[in-house]
Amino acid sequence: MIKTSYEFDQSILPAGSSLKTNILLRFRVDIAESPRRNLNLSLVIDRSGSMAGAPLHHALKAAESVVDQLEPNDILSVVVYDDEVDSVVPPQPVTNKAALKNSIHKVRAGGITNLSGGWLKGCEHVKTQLDPQKINRVLLLTDGHANMGIQDPKILTATSGQKAEEGIITTTLGFGQGFNEDLLIGMARAATGNFYFIQSIDEATEVFSIELDSLRAVVGQNLKVTLELADGVSLVDTLSLAKVSQNDASQAILTLGELYEGEDKLLGLSLAIASAQVGDLPVMKLHYSADVVQDDLIQNISGTADVIAKIGTVEEAAFASTSQIILELSRLTIAKAKETALSLAEHGKHQEAEETLRALVKDLRDKGLNENFEISEEIDQLEYFAGRIAQKALGNAGRKEMRDQTYQTMTRNRSDLVGRGVTAGDEVYAMPIVNEVGSGVELHCVREGGKLRVKVVSAGYDSTKNVQFPRAIRAEGARYVVEGLELSSDATFYRVRGDITRFAQPGETDIFVAPRQSNFTNTGKASKGPASAADLPSTDSVGDSILVQCVKDGSKLRARVVSDGYEPDWNMRFPRSVREEGMLYVVDEVKTAPDGKSYIACGEIKRFVQPT
């Protein structure tokens, strides 16, 4: 049984003139208790050179944590890929967890990124064990761009949709700052899977756990909603992410993906309604269907629901209570505005993008919604992004945060996924600094569940309450002094009063001193090597340097760049004395040679040692 409900943003709509209104539809599988469905899961993990060091370490730890959370009736396979694809765990029941984790633990970083090869191998493993009664899922994790195999995002996205039609759903996880978010979100949307942005590498285990919790909670799949609009009603916009198509009657069909136990699937719509008379106005019929767990089997459930608006006089509409659903609709409206602003900025319309966000901020404040903490946090996000866009300084990290926040809000109804973002803006480095609190109030910025929160340190305040604080100057670990704090109208959070300064404890190292330029100078001079690779200094981190690998090419040993952003098949001028097949190196600089189609290794060379 699928339970449906709906609410308009105004409980009574005014009669006599055309109007625009928003409506929030809810869909929930109404069952007493759902048995846990077994999983047929393939973890596909990028082990390319850009993952070397801490990123791969945390990714593998996250994969091992997945093993710990699975049960003997679950099927697991693990695929790792660089330019080669290896099945380190072929599809098998999770009966010997120690052996499975040991196989994962042995994985080491390698070369360049054959994302398509790794992902398709994971799909192949899931297909061999395909069972409609199970959750059949590929989890694809990458930190970089596909630079080998199939690289066209359109082909990969379309193929992801085709695999979903076969019953194989893909969830994508972007790791760090180097991946292509448009590709990963596109694949997830086409497959009606999930997408996650893992900004801090130590969050990998937490994010994997969120996805496993979601998979355990799947009680319905392939939710489709057809809108049969009444005469005089038109669809202006869809506020939720959905695949939109049309049937032969030109009715919109919205594909919304999975339904989760205890979680409403939200569908926000913006409608235009022609003038209506006082009374009940039929707005549309909803025709919905989904594959739902019922009597321990997957069965297709369908139904129809009427949506009726209450029309009153202008006076009745003005004095009618505003629906409580306004908060949920506002979150969707905010996400839609971020999506619109990002698109405008990327088409060079920065002023229009900024105005879109600032106009929404004003509207939210005018409605008093800033008295709700989550909306006040969104207002801070909107102002932060508006400022960055106005300066044409959104950057890679800001773009990823905007896309992730939009995606999560418009697809899921989970507070732990919305509003995530931990990137520190440059503004924190330019703040005035004080070395004592004096009569002010000390605050501290911490990371909680992928979000930057500000808490009170000074005595006399509730340290469990959050503080509304400008997003532009939040940075994990930073301390601040403000003139004072005041409680919100509902006493659930604090607001800052007066000036804000950054607090640097006397005698302690200030980690937010403006970063200085590196002492390394790009000399352009080709690297020189010692007598052998054994004589090279070693390192277990790449940092801002470039990762290079030595590979066998016929009878020759070639050096190639495996860090993202370089041509993977170009030859490289590299000291022959230190070349050893399969070895990884860290070099200061890589320069394009005069021929324009090869590289020169420049500066110091170190031997890269894989962390254990």
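Cut-offs used in this document
Residues numbered from 1 in each chain as written. Predicted model: local features only at pLDDT ≥ 70, side-chain atom pairs only at ≥ 80, totals over all residues. Heavy atoms only, no water. 1 Å grid on protein atoms, 1.4 Å probe; cavity = no way out; pocket = protein on both sides within 12 Å on 5 of 7 lines; lining within 4 Å. Points joined across faces, edges and corners; volume = space filled by probe spheres on them. Helix = DSSP H or I, 4+ residues; strand = E, 2+ residues; numbered from the N terminus. Nonpolar A, V, L, I, M, F, W, Y, C, P; charged D, E, K, R; others polar. Polar contact = N/O pair within 3.5 Å; in protein donor to acceptor, adjacent residues only side chain to side chain. Contact = heavy atoms within 4.5 Å. Salt bridge = Lys/Arg side-chain N within 4 Å of Asp/Glu carboxyl O. Buried < 20%, exposed > 50% of the residue type's maximum accessible area, 1.4 Å probe, protein only. Phe/Tyr/Trp six-rings, centres within 6.5 Å; stacked < 30°, edge-to-face > 60°. Axes fitted to C-alpha atoms, helices over the stretch in contact; angles between N-to-C directions. Parallel < 35°, antiparallel > 145°, perpendicular 65-115°, else oblique. Left-handed = near helix turned anticlockwise from the far one by under 90°. Core = buried A, V, L, I, M, F, W, Y, C linked by side-chain atoms within 4.5 Å.

**Some remarks on the layout of surface pockets**
One number sums up the size of the largest pocket: a volume of about 500 Å³. In terms of lining, the largest pocket is formed by 23 residues, of which the most central are Asp9, Asn22, Thr333, Asp363 and Lys367. Within the residue set of the lining of the largest pocket, elements represented by two or more residues are β3 (19-29), β11 (233-238), α8 (326-346) and α9 (350-366). Looking at the lining of the largest pocket element by element, the count peaks at seven residues for α8. Each residue belonging to the lining of the largest pocket can be placed in one class, and the counts come to eight nonpolar, nine polar and six charged. Here the second largest pocket is characterised by a volume of approximately 380 Å³. Contributing to the lining of the second largest pocket are 24 residues, with Arg331, Glu374, Glu378, Thr409 and Val418 lying nearest its centre. Elements represented by at least two residues in the lining of the second largest pocket include exactly α8, α10 (373-390), α11 (395-411) and β19 (451-456). In terms of residue count, the dominant contributor to the lining of the second largest pocket is α10 (five residues).

**Quick notes on the side chain of threonine 142**
Mapped onto the elements, threonine 142 comes out in strand β7 (residues 135-142). Separated by 2.8 Å, the side chains of threonine 142 and aspartate 46 make a polar contact. When residues no more than four places from it in sequence are discounted, the contact partners of threonine 142 are Asp46, Tyr81, Thr113, Leu115, Leu173, Gly174, Phe175, Phe179 and Leu184.

**A word on the pattern of salt bridges**
Within the structure shown, the criterion is met by 42 salt bridges. With its nearest N and O atoms 2.9 Å apart, the salt bridge here joins aspartate 264 to arginine 26. With a gap of 238 residues between them, aspartate 264 in the loop between β13 (252-260) and β14 (265-273) and arginine 26 in strand β3 connect regions that are remote in the sequence. Note on accessibility: aspartate 264 and arginine 26 belong to one class, buried. Here arginine 447 ties to glutamate 476 by a salt bridge, and the two come within 3.1 Å at their closest N and O atoms. Placement of arginine 447 in strand β18 (residues 441-448) and of glutamate 476 in the loop between β20 (467-468) and β21 (479-487) is noted, with a sequence separation of 29 residues between them. For glutamate 476, a relative accessible area of 40% gives the class partly exposed. Each of Glu181, Asp182, Glu346, Arg399, Lys400 and Arg403 takes part in salt bridges that share partners, so that together they form one network.

**A look at the environment of glutamate 427**
Note on placement: glutamate 427 falls in the loop between α11 and β17 (433-434). Residues glutamate 427 and alanine 472, spaced 45 residues apart in sequence, show a C-alpha to C-alpha distance of 6.4 Å. Residues in contact with glutamate 427, not counting those within four places in the same chain, are Arg388, Ala472 and Ile473.

**Examining the packing of aromatic side chains**
Applying the stated rule across the entire model yields twelve aromatic pairs. Measuring from ring centre to ring centre gives 6.2 Å for phenylalanine 27 and tyrosine 288, while their planes differ by 65 degrees; the resulting arrangement is edge-to-face. A residue pair is termed long-range when its members are at least 10 positions apart, and phenylalanine 27 in strand β3 and tyrosine 288 in strand β15 (residues 279-294) qualify at 261 residues. Here the two residues phenylalanine 27 and tyrosine 288 agree in accessibility, since each one is buried.

**Description of helix α5 (residues 181-190)**
Of all ten residues in α5, eight are buried, a share of seventy percent or more. Every buried residue belonging to α5 is among Glu181, Leu183, Leu184, Ile185, Gly186, Met187, Ala188 and Ala190, and all of these are buried. Here α5 starts with a cap whose side-chain oxygen sits 3.1 Å from the backbone nitrogen of aspartate 182, and that cap is asparagine 180. Threonine 192 lies just past α5 and shows a positive phi near 55 degrees.

**Observations regarding the packing of α5 against α11**
One can describe the packing of α5 onto α11 by two numbers: an axis separation of 11 Å at closest approach and a directional angle of 15 degrees. When the axis of α5 is compared with that of α11, the two are roughly parallel. Between α5 and α11 lies a crossing of right-handed hand. Note on element contacts: α11 touches α5 through Arg399, Lys400, Arg403 and Tyr407, opposite Glu181, Asp182, Ile185, Ala188 and Arg189. Grouping the constituent residues of the contact of α5 with α11 by class yields three nonpolar, no polar and six charged.

**Focus on the environment of isoleucine 210**
Topologically, isoleucine 210 is positioned in helix α6 (residues 204-216). For the pair isoleucine 210 and tyrosine 196, spaced 14 residues apart in the sequence, the C-alpha separation amounts to 9.6 Å. Once residues lying within four places of it in the same chain are set aside, the contact partners of isoleucine 210 are Tyr196, Arg414, Asp416 and Leu417.

**Details of empty space enclosed by the protein**
All chains considered together, the criterion is met by three cavities of 30 Å³ or more. Considering only enclosed or pocket space, the largest cavity measures out at about 220 Å³ in volume. For the largest cavity, the lining is made up of 19 residues, of which Thr192, Gly193, Leu241, Leu256 and Thr411 are closest to its centre. Elements with a contribution of two residues or more to the lining of the largest cavity: α5, β13, β14 and α11. With five residues, the single largest contributor to the lining of the largest cavity is β13. The class makeup of the residues in the lining of the largest cavity is eight nonpolar, six polar and five charged.

**Considering the nonpolar core**
Core analysis: the biggest nonpolar cluster contains 47 residues, and Leu41, Leu43, Leu76 and Leu141 have the highest contact counts within it. No other element matches the seven residues that helix α1 (residues 54-69) contributes to this core. Beyond its immediate sequence surroundings of up to four residues, leucine 41 is in contact with Val66, Leu70, Ile75, Leu76, Ser77, Arg137, Leu139, Leu212 and Leu215. Listed in part, the 35 residues of the second largest apolar core include Val29, Leu223, Leu227 and Leu256.

Geometric descriptors of this kind do not, in isolation, establish any biological role.
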